[in-house]
Amino acid sequence: MLRVGWLFLWFVAGGRTEGFNISGCHTSHVLWQFSADSAEEFVLFCDFAEPERRRFHHREPVSPARGPERPPCQRLGLSEAQWYHQARDGGVLQEITGKQSHLLLDKTALRFLTADSSHAGSYVCRPRTRSPGDEACCARTVLKVRPRPPCPHPAPRTRYLRLGSTDAIHCPGLGCHGAPLSPELTWYQNGTLLSERRSNPLQLDAIYDFHQGTYACDYPEAEGASNWTVRAVVHVKTIVKNTTFKPDIVEPVQETLEVELGKPLILNCTARFGFEEHFSPVLRWYSRDSGQELEIPAEEGRRLRASVEVEVIRRTLRLDSVAQSDLHRTFVCFAQNSLGNTSKPLRLRGKQGAVLLCVLLGTVAALASALAAGALLFIYWIEVLLLCRTCQDQDETLGDKKEFDAFISCAKGSASESEPASPVSEGRLALKLFPEVLENKYGYTLCLLERDVAPGGVYTEDIVSIIKKSRRGIFILSPNYVNGPSVFELQAAVSLALDDHTLKLILVKFCPFQEPESLPDLVRKALRVLPTVTWRGLKSAPPNSRFWTRMRYHMPVKAPPGLLWSRFRVISRAFSLGRLSKAEAPGRSSQTGTGDLAHTHPAPLPW
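Read on for an overview of the structure.

**Brief notes about the pairing of strand S23 (residues 302-306)**
- By the bridge criterion, four bridges tie S23 to strand S24 (residues 310-319) in an arrangement that is antiparallel. For Arg303, the partnering residue across the bridge sits in S24 and is Ile313.
- Count of turn residues in the S23/S24 antiparallel hairpin: three residues.

Listed below in structure tokens is the structure:
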């Protein structure tokens, strides 16, 4: 019921759809016969004055005074047509937008790419660009599509005509299944009526480029009371003689190409192929390395230029970065047609400037690295040496029969008024910081006169005995030290070190001082040759400072014991020294004259 109502409304509207009336359009009836076993194309042309053209084509008499009447639509310069489709059973007239897979809009023509009976119906065209007075300009084609049995000897739907020759175009379908062999035909070329050509085949005296295109041949056929125009389509291509030459490689031009290592590279294989009617070109890249040939994947071939006689194709090979291995293989551009093949080798060569630059940069980088490493080694050579000692796990204290790793000597009493103020005093450095760092952290055994030697013994004998039992002597130098009685301890140690090569002396420059005139020559010479470590105030106080690193460098090489073992050794050493001092003398002398030392070390200095 709804369908009947819709048909009634459409009839009342007089067939007005999409905003214009198609009842006044020039109407023609076209029959498309296709063979089910072959792929055929079809075309409809937008021709507003087809009845008048046919009348002119049949040479009907025309008044010479006014000439042939041409409707207003025929005077339009049609450049592009707008197409609509209406199904066979009526319905809405829908615009053809070109999104259909079987249809192709080609300016003023509508091309059917596939053959199907469902394509039947009404096709209406009108100018896409028009003025308000041209709204009535339209052409309507009623298309009927039906399959036909295959023809035993069909005319080709595609014709290749050689330029400069004489040839003909046959209308497909004629002479098959009762169709007349030579009816009166109407020929079209690219939508243009060939008014003087009515025979089959269409004779061409000389083939030129403009003969190429889409040809349509129309002939009448009666079907009951209706007259139809049967249309067949032929695609014509103008060609030349098949080439007699192999492909010509245009690119690469040279056999050697300079490249930069690590840079991306684009290689083009471009070849020129002559015309072949059955054209099947081969274009590829392959590499040749150590006698082996391997094809290299590349981009699909791209046509750069195509003409009747020549076709140029390019295939591109892209390298993300040029590697050293690419310089040792040969890249080959290969092209082939039906007559043979051609190849062009290409070798890659590193740019001399780039190679020299790489060598120069490498050399500079190596020198900079060596200098940086040397500077770091110069600054931190003590740390490196201490690390090597730790890895070697050596202990030079084994078997030397000495009890202490170091003896600490500093000035006795308060600082003089001439001595500059310091946040850390000599006594604090000797009695607190040295034990905290060297004993508690690194496990060295220290001997402090004020801490480890019980009072009551002879001062000179105690000093000589302690120095003989020590592997190192650490002397904290200051104006108070070199001008006071404590300098005797340094003098005694220097004298003992001349005979005992296991005893080494370390000078700690606590603060600047001036050598007094009364300073013994032995000590004066020792101040110039013995290793010196400078105390820099609070900067040197932390255990990880350069001061303690240098002190550890001069200390004996030994495997540091654990914390408990170190404390046990300190306690046992204190008890043994107390017993020793009590057994040797009942009291301590404070004399520091050189006569008390003469009987122990009478040998002269070798300096």
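**A closer look at the nonpolar core**
- Counting 32 residues, the largest nonpolar core has Ile463, Ile467, Phe475, Leu490 and Leu505 as its most contacted members.
- Mapped by element, the contributors of at least two residues to this core are helix H7 (459-468), strand S29 (472-477), helix H8 (479-482), helix H9 (487-497), strand S30 (504-509) and helix H10 (521-529).
- Per-element tally for this core: the top contributor is H9, with eight residues.
- Residues in contact with Leu505, not counting those within four places in the same chain, are Gly473, Phe475, Ala493, Val494, Ala497, Leu530 and Pro531.

**Quick look at the pattern of salt bridges**
- Evaluation of the coordinates by the stated rule reveals 21 salt bridges.
- In this structure, Arg471 and Asp400 form a salt bridge, with 2.4 Å as the shortest nitrogen-oxygen distance. Remark: Asp400 occurs in the loop between helix H4 (381-392) and strand S27 (406-409) and Arg471 occurs in the loop between H7 and S29; sequence separation between them is 71 residues.
- A residue is classified by how much of its surface remains accessible, and Arg471, at 6% relative accessible area, is buried.
- Between Lys402 and Asp500 there is a salt bridge, and its shortest N-O distance comes to 2.5 Å. Placement of the pair is Lys402 in the loop between H4 and S27 and Asp500 in the loop between H9 and S30, with a sequence separation of 98 residues.
- A relative accessible area of 13% places Lys402 in the buried class.
- For Asp500, a relative accessible area of 22% translates into the label partly exposed.
- Bridged by salt links that share partners, the residues Glu80, Glu95 and Arg128 form one connected network.

**Focus: the sheet that holds S24**
- In space, the four strands of this open sheet follow the order S18-S20-S24-S23, with antiparallel pairing throughout. A single partner strand is all that each edge strand has here, and the edge strands are strand S18 (248-251) and S23. Each strand of the sheet is rotated relative to its neighbour by a mean of 25°, with strand direction disregarded.
- Where S18 meets strand S20 (residues 265-274), three bridges bridge the pair, whose relative direction is antiparallel. What sits directly across from Ile249, in S20, is Ala271.

**Looking at the state of the cysteines**
- Evaluated as defined, the whole model comprises four disulfides.
- At a sulfur-sulfur separation of 1.8 Å, the disulfide partner of Cys171 is Cys217. The sign of the 75° torsion about the S-S bond sets the Cys171-Cys217 disulfide as right-handed. One end of the pair, Cys171, is in the loop between strand S12 (167-169) and strand S13 (186-189); the other, Cys217, is in strand S16 (residues 213-223), and 46 residues separate them in sequence. Comparing Cys171 with Cys217, the two get one shared label, buried.
- The disulfide partner of Cys269 is Cys333, and the gap between their sulfur atoms is 1.7 Å. A torsion of 65° about the S-S bond marks the disulfide between Cys269 and Cys333 as right-handed.

Reading the values: the criteria
Within each chain, residue numbers correspond to sequence positions counted from 1 in written order. Residue-level local features of this predicted model are given only where pLDDT is at least 70; pairs of side-chain atoms are given and counted only at 80 or more, and the full residue set underlies all totals for whole chains, interfaces and linings. Calculated side-chain values reflect all of the structure's heavy atoms, with hydrogen atoms and water omitted. At least two DSSP bridges between two strands are required for those strands to pair. A run of H or I in DSSP counts as a helix once it spans at least four residues, and a run of E counts as a strand once it spans at least two, with each numbered from the N terminus. The nonpolar core is taken to be a set of buried Ala, Val, Leu, Ile, Met, Phe, Trp, Tyr and Cys residues, with the residues joined through side-chain atoms within 4.5 Å. The cut-offs for exposure are 20% and 50% of the maximum accessible area for each residue type, with area from a 1.4 Å probe on protein chains only; residues under the lower value are buried, those over the upper are exposed, and the others partly exposed. Contacts between residues were defined by any pair of non-hydrogen atoms, one from each residue, lying within 4.5 Å. Throughout this description, the term salt bridge denotes a Lys or Arg side-chain nitrogen within 4 Å of a carboxyl oxygen of Asp or Glu. Axis definition: a line fit to C-alpha positions, over the contact stretch in the case of helices; interaxial angles, taken between N-to-C directions, run 0 to 180 degrees. Cysteine sulfur atoms are paired as a disulfide whenever they come within 2.5 Å of each other.

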